[in-house]
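The primary structure of each chain is shown beneath.
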Amino acid sequence: MATYAMGDLQGCFTTFQRLIDLINFDPTQDKLWLVGDIVNRGPDSLSILRVIRQAGDAMIMVLGNHDLHLLMVAAGIVKSHPGDTIQSVLDAPDRDELLNWLRHQKLFHVGGEYAMVHAGLLPSWSISQAAQLAHEVENALRQDNYQELFSQLYGNAPNYWRDEWSGYKRLRVIINAMTRMRICTPEGKMNFAFKGDMPSIPAGYSPWFDLPQRASQKNTIICGHWSALGLYLTDNVIALDTGCVWGGQLTVIRLEDRKVFQLACEE
């Protein structure tokens, strides 16, 4: 039995299938953790959704910003962007089942010494607090009136956290941190515009995982979202977005021995 973690798929179904074959993934024994952004930009988001849904407990995913975008487009809250490739999902005969399943996925996952989030955690959040905050969002997503959350979701403000906040402002900050953040200040002020590499980080900001006072640093955090960062491995960070959809590679790591497997993107 092995546990694997895989970087952002973004609709790259052929490469996904090839990498699953390369590691000899056995869904009856192994587990595959997926860091989110399983859909959009690549050519076959529909097949990826179907395969992951069919896999049941063998594949565990957290929601990324592109996954939430698909749900918001489907709900009629926003329109598709010019570069989106989600229409096949919206037109599928099993669209309602797939979207309902996607809406019930996690925002944050903890297993043993590892925790998984799409983008990052604010420095003041411990693993237990992050799990509770993610549960608040997950519960809101699973309600019959989830469209109300979507109608309040977009926006960069506030770009910092206060424990006393409530309502949609509170949920928006949680979602933005966990699905969009790459860098922040030591006080936890987030910058959502930055998408570059480490040397080009603006003054006063750091990668969210590099802050020495980070409350979650005793666990190893598995994440994606930051393709310009590439594969980044330390004792307590495993960043796996290697830009498959942008012509890079799709990456998977076996957690038991940290062996890395990669394939160039076919799509």
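Our subject is the structure listed above.
All values derive from a computational prediction rather than experimental measurement.

The rules behind each value
Position numbers for residues start from 1 in each chain and track the written sequence from start to end. Whole-chain, interface and lining totals are the exception, using all residues; otherwise, since this is a predicted model, local features are given only for residues with pLDDT of at least 70 and side-chain atom pairs are given and counted only at 80 or more. In computing side-chain values, all of the structure's heavy atoms are included and hydrogens and water are not. Helix numbering and strand numbering both begin at the N terminus, where a helix is a DSSP run of H or I of at least 4 residues and a strand a DSSP run of E of at least 2. Only C-alpha atoms enter the radius of gyration; for comparison, a globular chain is expected to reach 2.2 Å times N to the power 0.38, where N is the number of residues. Exposed residues in this analysis have more than 50% of their type's maximum accessible area, buried residues have under 20%, and partly exposed residues fall in between, with area computed by a 1.4 Å probe over protein chains only. Contacts are assigned to residue pairs that have any heavy atoms within 4.5 Å of one another. All accessibility values rest on the Shrake-Rupley procedure with a 1.4 Å probe; residue burial counts only the protein chains present in the view. Expected helix span is taken as 1.5 Å per residue step, with the number of steps being one fewer than the number of residues. For this count, His and the chain ends are skipped, Lys and Arg are scored as positive, and Asp and Glu as negative. A pair is scored as a salt bridge if a Lys or Arg side-chain nitrogen falls within 4 Å of a carboxyl oxygen belonging to Asp or Glu. A 3.5 Å cut-off defines polar contacts: any pair of N or O atoms within that distance qualifies, except that in protein one atom must be a possible hydrogen donor and the other a possible acceptor, and neighbouring residues in sequence count only when both atoms are side-chain atoms.

Caption draft 1: Highlighting the overall build of the protein. A tally of regular secondary structure across the protein gives eight helices and 13 strands. Taking 18 Å as the expected radius of gyration for a compact globule of 267 residues, we find that the protein reaches 17 Å, a close match to that expectation. When burial is assessed residue by residue, the protein has 55% of its 267 residues classed as buried. For the protein, restricting intrachain contacts to residue pairs at least 6 apart in sequence, the fraction spanning at least 24 positions comes to 67%. Of the roughly 11200 Å² that the protein leaves accessible, carbon and sulfur atoms contribute 47%.

Caption draft 2: Molecular detail of helix H8 (residues 167-180). Compared with an ideal rise of 1.5 Å per residue, which puts 14 residues at 20 Å, H8 spans 20 Å between its outermost C-alpha atoms and is within 8% of the ideal. Within H8, 10 of the 14 residues are buried, leaving the element largely enclosed by the surrounding structure. Listed in full, the buried residues belonging to H8 are Arg170, Leu171, Arg172, Val173, Ile174, Ile175, Asn176, Ala177, Met178 and Thr179. Contacts from the buried residues of H8 go to helix H3 (65-74), strand E4 (108-111), strand E5 (114-117), helix H6 (127-141), helix H7 (146-151) and strand E7 (190-191).

Caption draft 3: Representation of unusual backbone geometry within the structure. Each neighbour pair has its own omega, and for Ala157 with Pro158 the value is -5 degrees, a cis peptide bond. The phi angle at Asn40 is positive, at roughly 85 degrees, despite the residue not being glycine. Turning to its location among the elements, Asn40 is positioned in the loop between strand E2 (31-34) and helix H2 (45-55).

Caption draft 4: Just the side chain of Asp8, in detail. Here Asp8 shows up in the loop between strand E1 (3-6) and helix H1 (13-22). Although Asp8 is buried, it makes no salt bridge; Arg182 carries the closest opposite charge, 7.7 Å away. Within the structure, Asp8 has its side chain in polar contact with the backbone nitrogen of His225 (distance 3.2 Å). Sequence-distant contacts of Asp8, defined by excluding residues within four places in its chain, comprise Val35, Gly36, Asp37, His118, Gly224, His225, Leu240, Asp241, Cys244 and Leu250.

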